[in-house]
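Each chain, written out:
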Amino acid sequence: KDNTEFTEGNVDLTVRLCDMIIKTGRKIPLIVSSSIQAGLVNPYGESKLGAELAVEALAEKTGNPVVIYRLPGVFGKWCLPNYNSVVATFCHNIANDLPIQINDAAASLNLVYIDDVVSEFVLMLSAVPAGLTRGEVAPVYGISLGKLASQIQAFKNCRESRVCERVG
């Protein structure tokens, strides 16, 4: 509702977390779920970049193990419509006969599946190297915004057409 929520929830919380880690005097592995938005100039992206800078400083100052993941769009269970996933938003809106907004149907979108994100995080926790590491989640799925909307609409239409769309 207010852009200051991005700063409070991303930067301020991360700074407090880093301060608490320093106070323990221990090396506590930290995985940061950032966003590709951190490379853009907007309130959300700037807050994600601010959080990254805070954990980078922690790693440099203390050698604490830190892994930053700049995630593209995430899809799958636990994603919320109108909050953290364009896929969840399109699914919710199309299933409920609500409009979706597409400003550029040809816009390219990179997505990762939540189970792949969790698997990568668990794997990384088994051996987080000291200092700063940048992690990546694979596979990354590419699709245009228009094709994504069309595919989700086709899933909805299969109830009437009795033809199941190809999945996988």
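See the structure shown above.
Just so it is clear, the structure is predicted and the values come from calculations on it, not from any experiment.

Q: What should I look at first to understand the overall build of the chain in this one?
A: Of regular secondary structure, the chain possesses five helices and six strands. When the helices and strands of the chain are placed in sequence order, the string is α-β-α-β-β-α-β-α-β-β-α. Its C-alpha atoms give the chain principal-axis dimensions of roughly 60 × 35 × 25 Å. Long-range contacts, defined as pairs at least 24 residues apart, comprise 72% of the intrachain contacts of the chain with a sequence gap of at least 6. Here the chain displays about 10,600 Å² of accessible surface, and carbon together with sulfur accounts for 57% of that area. The centroid of the 15 positive side-chain charges in the chain is displaced by 5 Å from the centroid of its 17 negative side-chain charges.

Q: Help me out: how do you make sense of the layout of surface pockets in this one?
A: Here the idea is plain: a probe the size of a water molecule rolls over the atoms and shows the empty space left. Considering only enclosed or pocket space, the largest pocket measures out at about 1,100 Å³ in volume. As for the largest pocket, its lining consists of 32 residues, of which Ser 35, Tyr 44, Tyr 83, Asn 84 and Ser 85 are closest to the centre. Broken down by secondary-structure element, the contributors of at least two residues to the lining of the largest pocket are α1 (4-24), β1 (30-35), α2 (43-62), β3 (73-75), α3 (86-95), β4 (108-113) and α4 (114-125). The greatest single-element share of the lining of the largest pocket, amounting to four residues, is contributed by β4. Its residues assigned to classes, the lining of the largest pocket comprises 14 nonpolar, 13 polar and five charged.

Q: What am I meant to see in the sheet that holds strand β6 (residues 141-144) here?
A: The strands making up a sheet are joined through hydrogen bonds of the backbone, oriented either antiparallel or parallel. With respect to topology, three strands assemble into an open sheet ordered β3-β4-β6, the strand pairing being mixed. Each of the sheet's edge strands pairs with one partner strand only, and the pair in question is β3 and β6. Recorded for the sheet is a direction-independent mean angle of 45° between the axes of neighbouring strands. One ladder, built from three bridges, connects β3 with β4; its direction is parallel. Within the sheet, the bridge partner assigned to Gly 73 lies in β4 and is Leu 111. The strands touched by α4 within the sheet are β3, β4 and β6, with β4 carrying the most contacts at an inclination of about 60°.

Q: Explain the side chain of Ser 35 to me, please; I cannot follow it from the model alone.
A: Examined against the element boundaries, Ser 35 turns out to sit in strand β1. At 2.9 Å, the side chain of Ser 35 and the backbone nitrogen of Gln 37 are in polar contact. In contact with Ser 35, not counting residues within four places along its chain, are Tyr 44, Lys 48, Glu 52, Tyr 69, Arg 70 and Leu 71.

Q: Explain the packing of α1 against α2 here, please?
A: Put simply, α1 and α2 touch, their axes get as near as 7 Å, and they point 10° apart. What the angle tells us is that α1 and α2 run roughly parallel. Between α1, through Phe 6, Thr 7, Asn 10, Val 11, Thr 14, Val 15, Cys 18, Ile 21 and Ile 22, and α2, the contact on the second element is made entirely by Pro 43, Tyr 44, Ser 47, Lys 48, Gly 50, Ala 51, Ala 54, Val 55, Leu 58, Lys 61 and Thr 62. Among the residues making up the contact of α1 with α2, the classes are represented as 12 nonpolar, six polar and two charged.

The rules behind these values
Residues numbered from 1 in each chain as written. Predicted model: local features only at pLDDT ≥ 70, side-chain atom pairs only at ≥ 80, totals over all residues. Heavy atoms only, no water. Helix = DSSP H or I, 4+ residues; strand = E, 2+ residues; numbered from the N terminus. Contact = heavy atoms within 4.5 Å. Areas by Shrake-Rupley, 256 points an atom, 1.4 Å probe, with all protein chains shown as cover. Lys, Arg positive; Asp, Glu negative; His and termini not counted. Charge placed at Lys NZ, Arg CZ, Asp CG, Glu CD. 1 Å grid on protein atoms, 1.4 Å probe; cavity = no way out; pocket = protein on both sides within 12 Å on 5 of 7 lines; lining within 4 Å. Points joined across faces, edges and corners; volume = space filled by probe spheres on them. Nonpolar A, V, L, I, M, F, W, Y, C, P; charged D, E, K, R; others polar. Pairing = 2+ DSSP bridges. Axes fitted to C-alpha atoms, helices over the stretch in contact; angles between N-to-C directions. Polar contact = N/O pair within 3.5 Å; in protein donor to acceptor, adjacent residues only side chain to side chain. Parallel < 35°, antiparallel > 145°, perpendicular 65-115°, else oblique.

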